[in-house]
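Coordinate inspection notes
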Amino acid sequence: MSWFLLPISILTKSFIHIPSIFGLLPTYIFTIYCMFQLSIKRYGIGELYVNKKVILFTLMFILVQTIVMAISSLTMHPLVGTPKFQNGCLLLILIIFSYFLSYYTVYLSISNFKQISFFVKSVYITFVVFFIFILLPQIISVLFNISFFNEINNVISSLLAAKHIHRLDFYSCGSYVTTLHRINGLSEEASFFAAEVGIIFAPFILSGIKNKINVFTFVKKKFSLSAFILLLILFSSLFLAKTTTGLLVIIICSIFLYSWIMKNYPVQTIIFTLIFLLLFFVAYIKIHFIHSVLNNYLFKKHGTSNRLGSTIALFITFLHHPIFGVGHGYTSPYSFLYVPRHLTDNFEYDFFFKKYGFAAQSNLMCILAEVGLVFILPLFIYIFKKLKLYKRILFQLDTIIHSNDKLNQFNKFNVYKLILDAFPIFIFLYLFLMLFSFSYLDYCYLIMFAFYFVVIKLIIKDLSNES
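Description of the structure in this document. Because the structure is a prediction, the values reported are computed rather than measured.

A separate point is the overall build of the protein chain. Scanning the protein chain for helices and strands turns up 20 helices and zero strands. Against the globule reference of 23 Å for 467 residues, the protein chain gives a C-alpha radius of gyration of 23 Å, in line with a compact fold. C-alpha atoms of the protein chain, sized along the principal axes, occupy 70 × 65 × 40 Å. Counting only residues that meet the buried cut, the protein chain has 52% of its 467 residues in that class.

Here is the structure:
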């Protein structure tokens, strides 16, 4: 099952017109898998690891959020896009269910090195398959606007791609890519796609380059050509998505890459950087397509009123309700109340937000406004402790690797190093992109979080046996 966790989790299209995760195919596949694993002899319900602190934290969270949502539903005027109290409670329970489902799916799927290596290899293979069958036709459509590939993209979009329910103008020509001439993968829009490939695939690709490992065989090399090719494909796809999020992911990944290479090859890196900057400047001046994308989505980006207005409104909402927040799904009326009026004079605000509710344009500000500090701070402390633990394990792993004289062969420590070096990049990209808007609760992110937390425990156990 570890081979298929990630491919299944990126299917974000709602196949059934019912709320939240009940419309998603991964919910049913993962639920059936967990039930099957618990029904066979080698697993019983007692085999599941249940942290009492997590259960207590979850119950307290549900209780407090229920009270806060009840207060918000009684004190604020109901608006379109704001759930009724009972619906809000149901959505909250479903989100929590998806957390636990993702964790226990990984927990029951990955328990030894073989399964760990299968999952890591599936990350690279999934990206290759995703590129060939989904991204490549979209790239051809964006660059050449060939009707045959436009039709292919329309069919794929109708079958597999997620869509914004209230923004059908994004898909008026059959799909997002044929309508707006921007790559979106299987996501609702280009920025969501950029976040997905940046957070899910980029950390492992960058880790492969850093550790000079062939990402398909896990054999140590002098230079990881396979990972570098995948990085070029990823950067090209992000650039053609024509979104600020994609360009920021490219910049962040480049900074990580530059810092690693600079340590080992300082002179060559400086020379290469100067040549790259010169070529980049010439391309920006001479090539209209590159000039247009960079100006429209980075240097001279327009149409940011709603993003800025939403972020400010959510921050003010958080300042008014810093401890417990306003409740999950109840930020829209507060956003209308606190948004600066000079930022509301635009088409999207008048014809979409007023009609369907003020969609949060910053995930981080939205979570702070909904939940408050009392539950967010413990989560950040938990992640911080995991990062400290990561450093300790990485030091121990490096000691073992340096004493191993068979690193040119397939070696489990190479795989562990791939995972441990990808983990902080994953955390950084996820938290940084939370400043913007994307589907941060999709199964692909939850599965990756669960994978890192489960596997780090397994690595600690394995390394303790080695020492």
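Still to come is the rest of the account.
All told, the structure shown has four salt bridges when counted by the stated rule. Its salt-bridge partner being Asp421, residue Lys210 comes within 3.4 Å of it at the nearest N-O pair. Remark: Asp421 occurs in helix 19 (residues 412-433) and Lys210 occurs in helix 9 (residues 202-211); sequence separation between them is 211 residues. Look at Lys210 and you get partly exposed, because its relative accessible area is 33%. Given a relative accessible area of 2%, Asp421 falls into the buried group. The partner of Lys412 in a salt bridge is Asp462, with the nearest N and O atoms 3.0 Å apart. Of this pair, Lys412 sits in helix 19 while Asp462 is found in helix 20 (residues 443-466), placing the two residues 50 residues apart along the sequence.

Attention shifts here to empty space enclosed by the protein. Tallied over the full model, the rule gives two cavities of 30 Å³ or more. For the largest cavity, the calculated volume is near 80 Å³. In terms of lining residues, the largest cavity is bounded by 15 residues, among which Gln138, Ser157, Ala161, Asn184 and Gly185 are the most central. Listing elements by their share of the lining of the largest cavity, those giving two or more residues are helix 6 (147-160) and helix 7 (176-180).

Quick notes on the rules
- Residues numbered from 1 in each chain as written.
- Predicted model: local features only at pLDDT ≥ 70, side-chain atom pairs only at ≥ 80, totals over all residues.
- Heavy atoms only, no water.
- Helix = DSSP H or I, 4+ residues; strand = E, 2+ residues; numbered from the N terminus.
- Rg over C-alpha atoms; globule rule 2.2 N^0.38 Å.
- Buried < 20%, exposed > 50% of the residue type's maximum accessible area, 1.4 Å probe, protein only.
- Salt bridge = Lys/Arg side-chain N within 4 Å of Asp/Glu carboxyl O.
- 1 Å grid on protein atoms, 1.4 Å probe; cavity = no way out; pocket = protein on both sides within 12 Å on 5 of 7 lines; lining within 4 Å.
- Points joined across faces, edges and corners; volume = space filled by probe spheres on them.

Fair warning: the whole summary comes from geometry, so function is off the table for now.
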